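Each chain, written out:
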Amino acid sequence: MLKGIIPMTYCFFNKNNSIDIPAMRDQISLIKKLGSHGIACLGLATEVNKLDFIEKKKIIELVAEISNGSLPLVVTISGRNIKEYKKLIEIATFYNASWIVLQPMLKKNTTDKDCFEFFNNIIKVINNQTIVGIQNAKEYIGVGLEPSEIIKLYNKFINFRAIKGETSAVLIQKEINKYPNNLKVFNGRGGQEIVDNFLAGCSGIIPSLEGTDFFLKIYKLIQQKKISEARKIYKNILPSIVFSMQSIDSLVCYGKRICAYRMGINKVYDRRPGLLPTTFGIKLAKDLAKQLGKFN
């Protein structure tokens with residue numbers, strides 16, 4: 001069963017704008033070493049909108065190779081057209097993805113109705129043995145589904161059993177109350193409100209990597225009903241979350257740097273377009289990384 005802390009990989013780049021394969025390998029190995037409950041790739045934190053098909057394929061292959069079946073594999077699927085979606089779904093299925101998360105295909109003037117029709121048409125190409133879900137992130141991408149539309153998909157597809165949300169604990173709790181018990185809801189937002197998300201009924205969190213060791217400790221304490229202790233750990237990591245999660249651009253600029261500095265990577269290169277760091281921003285990221293310490 002999918003649950004717990006499933007970190008989303010960042011995408012590290014070289015100075016020449018290619019993917020930094022050694023850094024990616026180190027990151028994937030770290031996620032495994034920390035005792036994460038799964039590993040996710042090709043989400044917003046992976047800067048998937050900046051990757052071409054070959055790069056997306058390579059990241060899936062790397063994650064599958066290094067995790068080597070020891071962790072549930074969660075693959076977010078997005079593409080420039082239906083053909084690319086289907087090819088990526090084939091690759092994720094080939095590598096035994098435990099959960100395929102579909103992002104809506106965004107075009108100019110895409111509506112919520114367009115999203116529903118897209119999901120309704122694409123889910124049917126995924127085999128029934130693979131859990132399928134959607135990224136319902138209206139706050140970040142501008143479009144999404146209402147609970148009533150999600151229930152329609154749940155009733156139609158026997159493998160549609162998980163949702164990746166990006167919203168507040170209060171709002172996600174209202175949604176969870178409307179869903180069947182076996183429709184699992186995960187939240188993201190870099191681990192914001194992680195304690196409250198679990199109290200609200202989330203099955204897990206798909207955060208960015210830089211706080212994963214803390215999030216794993218929090219999750220364990222919540223399982224033991226030690227809520228006040230979990231909140232103390234959350235309080236310690238909260239400044240880092242607030243700093244990184246101003247926006248997705250901020251996350252992949254500064255959150256990735258905090259992660260890199262904690263990993264011992266001192267130089268981080270950015271792929272345009274996106275937010276470029278300032279000297280002050282880099283200083284703050286280094287200070288926060290120092291406060292959090294090396295991964296443990």
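Placed above this text is the structure.
Please read these numbers as outputs of a predicted model, since none were measured by experiment.

Colleague: Explanation requested: the overall build of the chain in the structure shown.
Modeller: Helix and strand content of the chain: 12 helices and 8 strands. By its C-alpha atoms, the chain is 50 × 45 × 40 Å across when sized along the principal axes. Sequence-distant contacts, at least 24 apart, represent 70% of the contacts inside the chain between residues at least 6 apart. Here the chain carries 43 positive and 25 negative side-chain charges, and the mean point of each set is 3 Å from the other.

Colleague: Quick question: what am I supposed to make of the packing of helix α10 (residues 227-244) against helix α12 (residues 279-292) here?
Modeller: In helix packing, the relevant descriptors are the interaxial angle and the interaxial distance, both defined with respect to the helix axes. Orientation of α10 relative to α12, taken along the N-to-C sense of each, is 155 degrees, at an axis distance of 10 Å. Looking at the two axes, α10 sits roughly antiparallel to α12. Here α10 runs over α12; the crossing is left-handed. In contact with N236, I237, P239, S240 and F243 of α10, α12 contributes G281, L284, A285, L288 and L292. Per-class residue counts for the contact of α10 with α12 are 7 nonpolar, 3 polar and no charged.

Colleague: Can you help me understand the packing of aromatic side chains in this one?
Modeller: Pairs of aromatic rings are described using the distance from one ring centre to the other and the angle between the two planes. Under the counting rule described, the total for this entry stands at 6 aromatic pairs. Measuring from ring centre to ring centre gives 5.1 Å for F198 and Y219, while their planes differ by 55 degrees; the resulting arrangement is tilted. Within this pair, whereas F198 is found in helix α8 (residues 194-200), its partner Y219 is found in helix α9 (residues 212-223), the two being separated by 21 residues in sequence. By the burial criterion, F198 is buried, and Y219 matches it. Members of the aromatic cluster, joined through ring pairs, are Y85, F118 and F119.

Colleague: Any chance you could explain the sheet that holds strand β1 (residues 4-5) here in plain terms?
Modeller: The strand order across the open sheet built from 8 strands is β1-β8-β7-β6-β5-β4-β3-β2, with neighbouring strands paired in parallel fashion. On the outer flanks of this sheet lie β1 and β2 (39-41), each paired with one strand and no other. Relative to strand β8 (residues 204-205), strand β7 (residues 184-187) runs parallel, the two sharing 2 bridges. Residue pairing across strands places F186 opposite G204, the latter belonging to β8. Docked against the sheet, helix α6 (residues 147-156) engages β5 (131-136) and β6 (160-165), running at close to 150 degrees with respect to β6.

Colleague: Can you walk me through the side chain of K164 in this structure?
Modeller: With respect to the helices and strands, the residue K164 is situated in strand β6. With residues near it in sequence (within four places) discarded, K164 still touches W99, V101, I134, Q135, N136, F186, G188 and I206.

Colleague: Where do I start with the pairing of β7 in this structure?
Modeller: Here is the key point about a regular strand: its side chains alternate between the two faces of the sheet. With 4 bridges joining them, β6 and β7 adopt parallel strand pairing. Looking at the pairing, I163 lines up with V185 of β7. Assessed by its sense of winding, the connection that carries the chain from β7 through α8 to β8 is right-handed.

Colleague: Sorry, what's going on with the packing of helix α4 (residues 112-122) against α6 here?
Modeller: Interhelical geometry of α4 versus α6 gives an angle of 10 degrees and a closest axis separation of 11 Å. On the basis of their axis angle, the class for α4 and α6 is roughly parallel. Within the contact between the two elements, α4 uses F116, F119 and N120 and α6 uses E149, K152, L153 and K156. Here the residues of the contact of α4 with α6 are counted per class, giving 3 nonpolar, 1 polar and 3 charged.

Colleague: Help me understand the pattern of salt bridges in this model?
Modeller: Where side chains of opposite charge bring their charged atoms close, a pairing between them can arise. Considering all chains together, one arrives at 13 salt bridges under this definition. E55 is the partner of R271 in a salt bridge, and the nearest nitrogen-oxygen pair spans 2.8 Å. Here R271, found in the loop between α11 (248-263) and α12, pairs with E55, found in helix α2 (residues 53-67); they are 216 residues apart in sequence, far enough to count as distant. Note on accessibility: R271 and E55 belong to one class, buried. Taking the shortest distance from any N to any O, the salt bridge between D270 and R257 comes out at 2.6 Å. Of the two residues, D270 is situated in the loop between α11 and α12 and R257 in helix α11; the sequence distance between them amounts to 13 residues. The class for D270 is partly exposed, based on a relative accessible area of 24%.

Colleague: Could you clarify how one ought to interpret the nonpolar core in this entry?
Modeller: As a rule of thumb, nonpolar side chains are buried together in soluble globular proteins. Core analysis: the largest hydrophobic core is formed by 104 residues, its most contacted members being L102 and F160. Leaving out residues up to four positions away in the same chain, F160 has contacts with I123, V132, G133, I134, I150, L153, Y154 and L183.

Definitions and limits used
Residues numbered from 1 in each chain as written. Predicted model: local features only at pLDDT ≥ 70, side-chain atom pairs only at ≥ 80, totals over all residues. Heavy atoms only, no water. Helix = DSSP H or I, 4+ residues; strand = E, 2+ residues; numbered from the N terminus. Contact = heavy atoms within 4.5 Å. Lys, Arg positive; Asp, Glu negative; His and termini not counted. Charge placed at Lys NZ, Arg CZ, Asp CG, Glu CD. Axes fitted to C-alpha atoms, helices over the stretch in contact; angles between N-to-C directions. Parallel < 35°, antiparallel > 145°, perpendicular 65-115°, else oblique. Left-handed = near helix turned anticlockwise from the far one by under 90°. Nonpolar A, V, L, I, M, F, W, Y, C, P; charged D, E, K, R; others polar. Phe/Tyr/Trp six-rings, centres within 6.5 Å; stacked < 30°, edge-to-face > 60°. Buried < 20%, exposed > 50% of the residue type's maximum accessible area, 1.4 Å probe, protein only. Pairing = 2+ DSSP bridges. Right-handed = clockwise from strand over helix to strand, strands pointing away. Salt bridge = Lys/Arg side-chain N within 4 Å of Asp/Glu carboxyl O. Core = buried A, V, L, I, M, F, W, Y, C linked by side-chain atoms within 4.5 Å.

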